Structure formats: C-alpha cells, structure tokens
Amino acid sequence: MTADDSGAPQRPCSPQTLLDRLAAMGIEAETLRHPPVFTVEEARALRGDLPGAHIKNLFLRDKKQRMWLLVCLADTKVDLKQLAARLGSKGLSFASAERLLTYWGVTPGAVTPFGAVNDSEGAVQVVLERAILTHERVNCHPLDNAMTTNIATADLLRFLEATAHPPQFIELAESGAAA
C-alpha cells in the first residue's frame, strides 16, 4: 500500500468504489455475487452460463523483485520457467500474500486485473494472454472473490490503460509457455 500526503497508508480500493469508477468511465458491468472461490475449479462449478472469457490471474515475482500479473484463459497451463524466459526474467515464482496485498490490494483468491487500481506506483507489469482478445467479454473478480464482474474485453483494456498499466500481450498456447 502507498501512503498519502500525511504519511498514513492508503486503504486498497473497495469493490464498490471500483464498480463506481468503472461506471464513471462509461464501462457497463454486470456483477454477480456468489460464495467465495479460490480456484479455477471452484469458479467453474459456480459460473453456470456466464458469457465471456473466464480467466485466471497469476501474481508473480522474480529474483530481482520485479512483479507481473499474468492474466490468461482459465484452462491455459503455464510453465513458469518458459514464461520467465519470455519475460526476460530469472527465478519467476508466485508472490507472497503479503506482497499481493501491498502492491495489488487483494488477497489470494481475489487476484484480478482490476487490482491495477491499487498500484499507483506502477510496480506491477500486466501481461495478458492474447487469446483473451478473441472474446467479446471477460469475467474478473472486482477485488473480491465472492463476486464476478462481466465487462467488454475492450473496456478491460481501457481500464488498464487508465490506471497506467497497459498490458504486454503474449501468446501462450502456441509459444510452448503453455502445455
């Protein structure tokens, strides 16, 4: 978390504040409430016929303490060693829950590209699987894993740009980074 001018730590953005920000940007969003989910399998069991891309988000760091959020389709298998090579990194691994909360403002299970709203310093690079762009809509947790928000994929990109987190696009399935 960052500090404000008084030196007091800022609280992460709340889900409602995020949804209000999306609305202020003219982004139409439909949010569904559900029991908290922590895995792709749990989400799959609850999502029913929810349209659009279903994603998973990996909050990663390397030995130099650089951080990435990898956003990929829920069924993409990711080889961290191959991904690290593609990102020009060494020792890529999952970041700690503490680091996730400090930089992205969420807890494990609630990892989402919407966490960019909490990273005012731009410490995290967003990496988006290009295959997501083939879907008109995408489903993301709005900073809380007991909700899923469905928005246009183009609007997710617009949101990331507006938070100074333009994504790096990557091919996973064809590159060998996904098995």
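Here is a short report on the structure shown in this document. Quick caveat, the model's predicted, so the values are computed rather than measured.

**A word on the pairing of strand 5 (residues 124-129)**
Part 1 of the reasoning: Burial within strand 5 is extensive, with 5 of its 6 residues counted as buried.
Part 2 of the reasoning: Relative to strand 5, strand 3 (residues 67-73) runs parallel, the two being bridged by 5 bridges. Residue pairing in the sheet places V71 in a bridge with L128 of strand 5.
Part 3 of the reasoning: Note: strand 5 against strand 8 (residues 168-170), 3 bridges, orientation parallel. Bridged to L128 within strand 8 is F169.

**Thoughts on the pattern of salt bridges**
Part 1 of the reasoning: In total, this model carries 3 salt bridges according to the counting rule given.
Part 2 of the reasoning: Notably, a salt bridge pairs D62 with R66, separated by 2.8 Å at the nearest N-O pair.
Part 3 of the reasoning: Among the ionic pairs, R130 bridges to E171, the shortest N-O distance being 3.2 Å. Here R130, found in the loop between strand 5 and strand 6 (137-140), pairs with E171, found in the segment after strand 8; they are 41 residues apart in sequence, far enough to count as distant.

**Digging into helix 1 (residues 15-24)**
Part 1 of the reasoning: Where helix 1 is concerned, the buried positions are L18, L19 and L22. Along the axis of helix 1, the buried positions cluster into a sector of 95°, meaning they face one direction only. Residues of helix 1 that are exposed and point over 90 degrees away from its buried face: A23 and A24.
Part 2 of the reasoning: Buried residues along helix 1 sit in contact with strand 1 (30-33), strand 7 (147-152) and helix 5 (153-162).
Part 3 of the reasoning: Within two residues after helix 1, G26 carries a phi angle of roughly 80°, on the positive side.

**With respect to the side chain of T149**
Part 1 of the reasoning: Within the fold, T149 resides in strand 7.
Part 2 of the reasoning: Judged by relative accessible area, T149 falls into the buried class, the value being 0%.
Part 3 of the reasoning: Side chain to side chain, T149 and T31 meet in a polar contact 2.7 Å long.
Part 4 of the reasoning: Apart from the residues lying within four places of it in its own chain, the contact partners of T149 are L19, A29, E30, T31, F114, V138, N139, C140 and P142.

Reading the values: rules and limits
Residues numbered from 1 in each chain as written. Predicted model: local features only at pLDDT ≥ 70, side-chain atom pairs only at ≥ 80, totals over all residues. Heavy atoms only, no water. Buried < 20%, exposed > 50% of the residue type's maximum accessible area, 1.4 Å probe, protein only. Helix = DSSP H or I, 4+ residues; strand = E, 2+ residues; numbered from the N terminus. Pairing = 2+ DSSP bridges. Salt bridge = Lys/Arg side-chain N within 4 Å of Asp/Glu carboxyl O. Arc of directions from axis to C-beta. Contact = heavy atoms within 4.5 Å. Polar contact = N/O pair within 3.5 Å; in protein donor to acceptor, adjacent residues only side chain to side chain.

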